[in-house]
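The residues making up each chain are set out below.
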Amino acid sequence: QVQLVEAGGGLVRPGGSLRLSCTASVRDSSIDIMAWYRQAPGNQRELVANIATDGTTNYADSVKGRFTIARDNAKDVVYLQMTDLEPGDTAVYYCYVETITRVSGMRYRGDAWGQGTQVTVSS
């Protein structure tokens, strides 16, 4: 079982910055991939960025050069540092993790979603 708690959303002016955080609480599991998704009204949920345990990252083309994803494996926290924010970045941002549970020598994969945090970019 895993619980995700997100923080850091809010209202910011165009060109401003925000940092989102997501803290994972796991029981008898290890966290593998950590990611941020976002969904604007009327749009599908889309991947913003993800990060593997070794630090390998992927970004959506729309945020490359502006957003940075990072993780603290010891604390099970993933961050999304957002700079040069644009009105098009306005959305609910969701934390997502994939987990591995080891039982009786077997590996089981699971996943979890955070509740979401609102980011609004407006003047």
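What you are looking at is a predicted structure, and each value in this text was computed from that prediction instead of being measured. (Residues numbered from 1 in each chain as written. Predicted model: local features only at pLDDT ≥ 70, side-chain atom pairs only at ≥ 80, totals over all residues. Heavy atoms only, no water.)

A. Quick look at the overall build of the chain. Summing up its helical and strand segments, the chain has zero helices and eleven strands in all. Of the regular secondary structure in the chain, the N- to C-terminal order runs β-β-β-β-β-β-β-β-β-β-β. A globule of 123 residues ought to have a C-alpha radius of gyration of about 14 Å, and the chain, at 15 Å, matches this closely. For the chain, the C-alpha atoms occupy an extent of roughly 55 × 25 × 25 Å along the three principal directions. Burial status across the chain gives 41% buried among its 123 residues. Total accessible area on the chain stands at roughly 7000 Å², and carbon and sulfur atoms take up 44% of it. Of the charged side chains in the chain, 12 are positive and 13 negative, and the gap between their average positions amounts to 3 Å. (Helix = DSSP H or I, 4+ residues; strand = E, 2+ residues; numbered from the N terminus. Rg over C-alpha atoms; globule rule 2.2 N^0.38 Å. Buried < 20%, exposed > 50% of the residue type's maximum accessible area, 1.4 Å probe, protein only. Areas by Shrake-Rupley, 256 points an atom, 1.4 Å probe, with all protein chains shown as cover. Lys, Arg positive; Asp, Glu negative; His and termini not counted. Charge placed at Lys NZ, Arg CZ, Asp CG, Glu CD.)

B. Structural detail: the packing of aromatic side chains. Summed over the entire model, instances satisfying the criterion amount to three aromatic pairs. The ring of Tyr-94 is capped by Arg-45, whose NZ or CZ atom sits 3.7 Å from the centre of that ring. (Phe/Tyr/Trp six-rings, centres within 6.5 Å; stacked < 30°, edge-to-face > 60°. Lys NZ or Arg CZ within 6 Å of the ring centre and 35° of its normal.)

C. Expanded view of the sheet that holds strand β1 (residues 2-7). Overall, antiparallel pairing links the four strands, which are arranged β1-β3-β8-β7 in an open sheet. This sheet does not close on itself; its edge strands, each paired only once, are β1 and β7 (67-72). Neighbour-to-neighbour, the strand axes of the sheet open up by a mean angle of 15 degrees, direction not taken into account. Where β1 lies against strand β3 (residues 18-26), six bridges are found, and the strand directions are antiparallel. Counterpart to Val-2 in the pairing with β3 is Val-26. (Pairing = 2+ DSSP bridges. Axes fitted to C-alpha atoms, helices over the stretch in contact; angles between N-to-C directions.)

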